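The chain contents come next:
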Amino acid sequence: MTYRQARWDEPPIWDLAHAHAPEPAPAIPGVPERFRRREALRWPELSEPTVVRHYTRLSQMNFGIDSGVYPLGSCTMKYNPKLSELLARRPGAAQVHPYQPESTVQGSLEIAWRLERLLARITGFHEVSLQPAAGAHGEYTSLLMVKAHYRELGELERRTEVLLPDTAHGTNPASASMAGFVTREIPSKDGCVDLAALKAALSERTACFMLTNPNTAGLFESEILEISEAVHAAGAMLYYDGANLNAILGVTNPGRMGFDIAHLNLHKTFATPHGGGGPGAGVIGAGELLAPYLPVPRIAKRGRKFHLDYDRPKSIGKVKTAYGNFGLDLRAYAFILAHGEEGLRHVSRRAVLNSNYLAARLGRRLPRPFRPLVKHEFVLSGAPLRERGVRTLDLAKRLLDEGVHAPTVYFPTLVEEALMLELPETESKRELDAFAEAVGRALDDSPEHLKAAPTSCSVGRIDEVRAAREPVLSWKDLRTGASVKVETP
Amino acid sequence: MVRWISDEAGEEEALLQALGIASADELFQDVPKKARLGRLGLGAAKEEAEVVAEVDRLLERNRPLGRFANFLGGRIACPYSPAAVDAIVSRSEFYSAYTPYQPEASQGMLRALFEFQSLWVELSGVDVANASLYDGASAAGEALLFCRRLHEGHRFLVPASLPWEERSVLENYASGPGLKVEAIPFDPRTGLLDLGFVKAALAQQDVFGLLADVPNGFGLLDEQLFELKALLGEVPYVVAADPLSLSVLEPPGAYGADVVVGEGQGFGIPPSFGGPLLGLFACRREHVRQAPGRIVGATVDAYGRPAFTLTLQTREQHIRRSKATSNICTNESLMALAFVVYASVVGPKGLASLQSSLAEKARTLASALGAIEGLRAPRFDAPYLGEFTLELGRGTAAGFLDRLRRRRILAGHPLADPRVGAPSGPERLLVAPSPSVGEKEIARYAAAAKAWAAAPGGR
C-alpha cells in the first residue's frame, strides 16, 4: 500500500492572528479591583473559519481507527459504531445536568440502571457501579473498597501487600501503591502465573492479588480456579483487571472464575471511542462481599421510579463529580443492545479467531515466546532484528509507512523486544492479510530504511530524548525561550 | 448478525480452515469447564433502527435543559457551545484515535494537546500544564498527592465550603496513603476563610498543603487568597479555579499558587448527566517531575522540523509502575480538544464578556430574591461572580426546587451533603444563571420564589 499522511505547514494557533497589546480585562461591578485580571488572557482572537480550518488540518495529521487498522495489544482498538455517536448527541442525553431533579432525569437514570444490570450479568457480579472515569480510576476505587473491607474486619493493619504477576499492566502496581499498599511481583512461568510462586507469596499480609485474564501475553490463565482457591484460602481478595474482557464474553466471566471485584474499560470491550487518549469509563463490578462499599450514589428503583440512593453506610463515598461518564455509558448500552447475547459471544469468538490466525501467520516470521493457543492478543519477539542492527522500535516506525498503526511495543517486559498485537472482531480477513503482508514488507526492508522510518507521516522520526531533556511544554515556554533544564532524578 | 463484526463473504470459514479447526469454540479449550457459562439472559440482538427506538424511548423520559429556565451550575456548567466545537470533536481522526503512543502518526492530537496545555498555562498563570485528568474533583485529589510529594506532613486543608462531592473525592485520594483532609471554617457572615484557623494549623507543622477555590463553594471571591502564599511559606498552595472566571480574574499563579486545578467542562463540553468532564492541572516548572498524567512537549523530527510528543514519561505508570507519580493512564484528551477549540472560537474577549454577562444576571437575580421576605440572597456578605448562595428562611430546599420545577425553572442545587440528611439550620442552594436565561426568566424565577416564600407548604 502506498500511504501518505497529510503534511500541512500549519502554524500553531497563536501565530494565526496578530497579538494585540496587553490590556486589563473588563472591570465587573462588585468584583474587587485586586481580583481583576491585570493583563487580559493572552490568546488569539480568531474567526470561526480560521479555527475550524486549523483543527481540521490537525485532524488530517492524526491516525484514527477509521483511518486504518490499529493493532495495539491490550488496547482493543475496535470500530466505534457511528450509531453511538448519534445517540450520545441527542439533546435528551447531552443536554441533561446531573443536578436536575430526579423526576426530570428518569431516562438517564434508567439507562444507567439497565446498563449496570447488563454488565452485572456479563461479569457475573452482584452489583456494578458506573462512577469511575477510567480503568485505572476503577482500580483505585476497588482497592479502596478492599481496604474498607479489611478495616471493618480489623485486618487492615496486617494486610499491607498487593500481589501481581510480572505481566500486569502498569496501572495495577501504580493503583496499589497509591492506595497505600506495598506491591510484590509474582514471576511468570511460560507466560502464566506460577501457581507455586503465588502460593509461596500469599500470606496473612496479602490484601489482594490483581490479575488480568487472559493476561497481557494473550494467554488464558487456565489455573484460574486454583489461583482463586489459593488467594481466598489466604483470606485475600482476587481482583480482575477487565482490560482483556473482549476475549471471553459469554464464555466465562470474572464472577464465575472466582474474582471478588473488577474494573471494565468500556472504551475497549464496549467500543466507546478512546478520544485520542480519553475519555474512558472504568465501570466496577463487585461480588456480594464487597458491593456494600461501592461509591455513592447507587441507582435504585422504587416502584417504577429511579432515584439516586445515598443511604449506603459502608460506601467509600465519591471518586468523581456526578455519576459516571454517562455519554460513554449510553454508547456502551447501545453496543450491548445491538449485539444481544449471541452477538457478544460472537465478538469474542471472532476476536480470538482473528488473533490466532494472525499469530500463526506472523509466527512464521518472528518468534512467538509462549504456547501457540492465544486469546484476543498475542506477543512476538523482535529480538532477531538485532542481528541486522535494528530493533522492534524501527519495525514499529516502518509499519507506520504502510498506512497502519504500530502494535504495542516493549510490553510485556518479560519478552525481549516485545511486540503485542490485537486486531479485534471488527477487522476483516482482508485487513488481517494486508497487515501481515505489511509486516512482511517491513521485515524484508533494508536496515537503513527501517531506521529512517517513518517517511510517510506528517513528520519524520521524532527526537524524544530532546523533548525530555529540554522540556518545552507550552506556548509560554516557546515565547520566553524557557526551556530550562530539568534535573533528572 | 451485527454489522460491526466483520462478515465478508466466507472469510470466517477461511480463517478456520487456515487454523485447521472446525469451529472457533476450539480456541477456548484452555478455559476450564467449571468456569464456563450457560446463558446470561442478555436478550436477542437488535437492528440499528430498534436500538435507536429503544434509546429514544428511554431518553424521552428525560426533560433536557432546553425545556427549563436553567439556573444550575456549580462545578458543572451549562454553556452554549458553538456548533463548530462539536464539528471538530466529531472528526473521527480525533475521536477514534488511541493515546498518541506513536507520535509520528498522531501529530494532530499532540499539537491540539500542546495548545490545550498552553491555554491552561495562560489562564492559570503557572508554568506547566498536563494533558488533562478525569475531572475537577479528581484533579484536586491528584493535587493533594502532588503536595505530599513536595512537603512532609499529614494534614491537607480545604475550605469547609468546598462542595461535598469534591470533599469526598479528596478524602478518597487522601485515604490511600493515610492522609487527612481538614476543613477550614468560614466566617458565618461573609462565607470567607477563617485565616486564624489556617495560622494555628500551620503552627503545628503537620500541614503538607492547602487548597482554596475561586469562586468558592458558595460562589464567593475571597480576597484573602492573595495573602495565603505569605502565610504558607514552603507549604504548597493549590487553587481550584473555574476557567471561565479566569478570563476576568487575576490568574492564581500571580498570587502565589503552586498548583492550579479546575473543572474544564464549561468550555464546550455538554453536561451529559455528569460526564465526561475535564480535569485541569498545572504546576510550577521546578515541580514538573512530580506532576501526574501525560504531558506533551515540543521537539523536532529527524529533519529538524517542529514536532510534538508525549514526554517526561518516566513519571508514569507504564514505565515507573509502583513508583509512578499517579496511576492515571486514560485521561480526557478529546475533552481537552473541545476546551481549546471552544476558547479559540469564542476568543478572550468573548469569554470575558460571557463571564461579565453571567455576573450581571446573578446580581440582578440575587437582588430580586434578596428583596423577598423569608429569603436571604446573596446569603453572604462578600463579592461574587456568576453564582450566589440563596438561603431559605423556612421550608426545605427540596420543596423550593420542586415548586419552581413545576414552573419550569431549575432553581439551583442544594449545598448539603445528601448522605447526612437535612442540615439542622436553614437550607442553602447555589444559584447560577445559565447563559440561556434573560430578564424574562429572571423575573419568572423571582415571582415563583416570592409565591413559594408566601406559602412554602403549598403546591
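All values reported here derive from a predicted model rather than from experimental measurement.

**Details of the overall build of chain B**
So, point 1. A tally of helices and strands in chain B yields 13 helices and 15 strands.
So, point 2. For the C-alpha atoms alone, the extent of chain B along its principal axes is close to 85 × 55 × 50 Å.
So, point 3. Looking at chain B as a whole, 60% of its 459 residues qualify as buried.
So, point 4. A sequence separation of at least 24 residues applies to 72% of the contacts in chain B between residues at least 6 apart.

**Overview of the overall build of chain A**
So, point 1. Check the secondary structure of chain A and you find 15 helices and 14 strands.
So, point 2. A globule of 489 residues ought to have a C-alpha radius of gyration of about 23 Å, and chain A, at 25 Å, matches this closely.
So, point 3. Taking the principal axes of the C-alpha coordinates as reference, chain A spans close to 70 × 65 × 50 Å.
So, point 4. Looking at chain A residue by residue over its 489 residues, the buried ones come to 61%.
So, point 5. Long-range pairs, those at least 24 residues apart, make up 70% of the contacts in chain A between residues at least 6 apart in sequence.

**What to know about the sheet that holds strand β7 (residues 259-263) of chain B**
Residue and element names in this part refer to chain B.
So, point 1. Across the sheet, which stays open at both edges, the 7 strands sit in the order β2-β8-β7-β6-β5-β3-β4 with mixed pairing between neighbours. The strands lining the two open edges of the sheet, one partner per strand, are β2 (128-129) and β4 (180-184).
So, point 2. Two strands pair when backbone bridges link them, and β7 and strand β8 (residues 279-283) are joined in this way by 5 bridges, in the antiparallel orientation. Bridge pairing in β8 places E263 opposite G279.
So, point 3. Contacts from helix α7 (residues 164-175) reach β3 (155-159) and β4 within the one sheet, and its direction differs from that of β4 by about 145 degrees.

**Looking at the nonpolar core**
So, point 1. One finds Y239 of chain A together with A143, V238, L337 and A338 of chain B to be the most contacted residues of the largest nonpolar core, which totals 310 residues.
So, point 2. It is helix α11 (residues 333-370) of chain B that provides the largest number of residues to this core, a total of 20 residues.
So, point 3. In contact with V238 of chain B, other than residues within four places in its own chain, are A143, C147, G209, L210, L211, A257, D258, V259 and V261 of chain B.

**Details of the sheet that holds strand β13 (residues 408-409) of chain A**
All names here are of chain A.
So, point 1. With respect to topology, 3 strands assemble into an open sheet ordered β12-β14-β13, the strand pairing being antiparallel. At either margin of the open sheet sits one strand with a lone partner, and together these are β12 (378-381) and β13.
So, point 2. Relative to strand β14 (residues 418-421), β13 is paired through 2 bridges, and the arrangement is antiparallel. Looking across to β14, one finds that T408 is bridged to M420.

**Looking at the pairing of strand β6 (residues 206-212) of chain A**
All names here are of chain A.
So, point 1. With 7 of 7 residues buried, β6 is to be regarded as a mostly interior element.
So, point 2. Alignment of strand β2 (residues 161-165) against β6, held across 3 bridges, turns out to be parallel. Note on β6: the bridge partner recorded for E161 is T206.
So, point 3. Summarising the sheet, β6 and strand β7 (residues 237-242) pair through 5 bridges and their orientation is parallel. Residue pairing for β7: C208 is matched across the bridge by M237.

**Thoughts on the interface of chain B and chain A**
So, point 1. With 164 residues of chain B at the contact, the number on the chain A side is 171 residues.
So, point 2. With 15 residues, α11 of chain B is the single largest residue contributor to the side of chain B that touches chain A.
So, point 3. Looking at side-chain class alone, the side of chain B that touches chain A contains 84 nonpolar, 43 polar and 37 charged residues.

**Describing the packing of helix α6 (residues 136-150) of chain B against α7 of chain B**
All names here are of chain B.
So, point 1. In contact at an axis separation of 8 Å, α6 and α7 are set at 40 degrees when each is read in the N-to-C sense. The handedness of the crossing between α6 and α7 is right-handed. Note on element contacts: α7 touches α6 through E165, E166, V169, L170, N172, Y173 and A174, opposite A137, S138, A140, G141, L144 and L145.

**Points about helix α13 (residues 439-454) of chain B**
Residue and element names in this part refer to chain B.
So, point 1. The end-to-end C-alpha separation of α13 is 23 Å, in line with the 22 Å expected for 16 residues at 1.5 Å each.
So, point 2. Among the residues making up α13, those that are buried are E441, Y445, A448, A449 and W452. One side of α13 carries all its buried residues, which in axial view fall inside an arc of 100 degrees. Facing away from the buried surface of α13 by more than 90 degrees, the exposed residues are E439, K440 and A454.

**Brief notes about the confidence of the model for chain B**
So, point 1. With 99% of its residues at a pLDDT of 70 or more, chain B shows a mean pLDDT of 96.
So, point 2. Among the scores for the predicted complex, ipTM is 0.97 and pTM is 0.97.

**A closer look at the domain arrangement of chain B**
Residue and element names in this part refer to chain B.
So, point 1. Examined at the domain level, chain B breaks down into domain 1 (67-76 + 347-454) and domain 2 (83-341).
So, point 2. The C-alpha centroid of domain 2 is placed 28 Å from the C-alpha centroid of domain 1.
So, point 3. With 21 residues of domain 1 in contact, the opposing surface of domain 2 contributes 21 residues.
So, point 4. Sort the elements by how many residues they give to the side of domain 1 that touches domain 2 and α11 lands first, with 6 residues.

**Observations regarding helix α4 (residues 106-123) of chain A**
So, point 1. The terminal C-alpha atoms of α4 of chain A lie 25 Å apart, and with 18 residues this matches the ideal 26 Å at 1.5 Å per residue to within 8%.
So, point 2. Of the residues making up α4 of chain A, those classed as buried are G107, S108, L109, E110, I111, A112, L115, E116, L118, L119, I122 and T123 of chain A.

**Brief notes about the environment of E157 of chain A**
So, point 1. Along the polypeptide, E157 of chain A turns up in the loop between α5 (135-153) and β2.
So, point 2. Residues E157 of chain A and K147 of chain A, 10 residues apart in the sequence, show an inter-C-alpha distance of 9.9 Å.

**So, the pairing of β7 of chain B**
Two faces belong to every sheet, and in a regular strand the side chains alternate between them.
Residues and elements named next belong to chain B.
So, point 1. Within β7, 5 of the 5 residues are buried, which leaves it mostly tucked inside the rest of the structure.
So, point 2. Alternating positions in β7 separate into two faces, V259, V261 and E263 on one and V260 and G262 on the other, with burial throughout.
So, point 3. With 3 bridges connecting them, strand β6 (residues 237-241) and β7 associate as parallel partners. Its bridge partner being in β7, V238 is matched across the sheet by V259.

**Considerations on the domain arrangement of chain A**
All names here are of chain A.
So, point 1. Its domain assignment divides chain A into domain 1 (84-337) and domain 2 (343-465).
So, point 2. Using only C-alpha atoms to locate each centre, domain 1 and domain 2 end up separated by 30 Å.
So, point 3. Each side of the interface is counted separately: domain 1 has 18 residues, and domain 2 has 19 residues.
So, point 4. Looking at side-chain class alone, the side of domain 1 that touches domain 2 contains 8 nonpolar, 8 polar and 2 charged residues.

**As for the environment of S67 of chain A**
So, point 1. Counting through the fold element by element, S67 of chain A comes out in the loop between α1 (48-59) and α2 (82-88).
So, point 2. Measuring from C-alpha to C-alpha, the distance between S67 of chain A and H405 of chain A comes to 9.3 Å, with 338 residues separating the pair along the chain.

**What to know about the environment of T50 of chain A**
So, point 1. Topologically, T50 of chain A is positioned in helix α1.
So, point 2. Between the C-alpha atom of T50 of chain A and that of K320 of chain A, which follows or precedes it by 270 residues, the distance is 36 Å.

Calculation rules
- Residues numbered from 1 in each chain as written.
- Chains lettered and ligands numbered in written order.
- Predicted model: local features only at pLDDT ≥ 70, side-chain atom pairs only at ≥ 80, totals over all residues.
- Helix = DSSP H or I, 4+ residues; strand = E, 2+ residues; numbered from the N terminus.
- Buried ≥ 20, exposed ≤ 12 C-beta atoms within 10 Å, placed from the backbone.
- Contact = placed C-beta atoms within 7 Å.
- Rg over C-alpha atoms; globule rule 2.2 N^0.38 Å.
- Pairing = 2+ DSSP bridges.
- Axes fitted to C-alpha atoms, helices over the stretch in contact; angles between N-to-C directions.
- Core = buried A, V, L, I, M, F, W, Y, C linked by C-beta atoms within 7 Å.
- Nonpolar A, V, L, I, M, F, W, Y, C, P; charged D, E, K, R; others polar.
- Left-handed = near helix turned anticlockwise from the far one by under 90°.
- Expected span 1.5 Å × (residues − 1).
- Arc of directions from axis to C-beta.
- pLDDT = per-residue confidence, 0-100.
- Domains from an automatic or database assignment.

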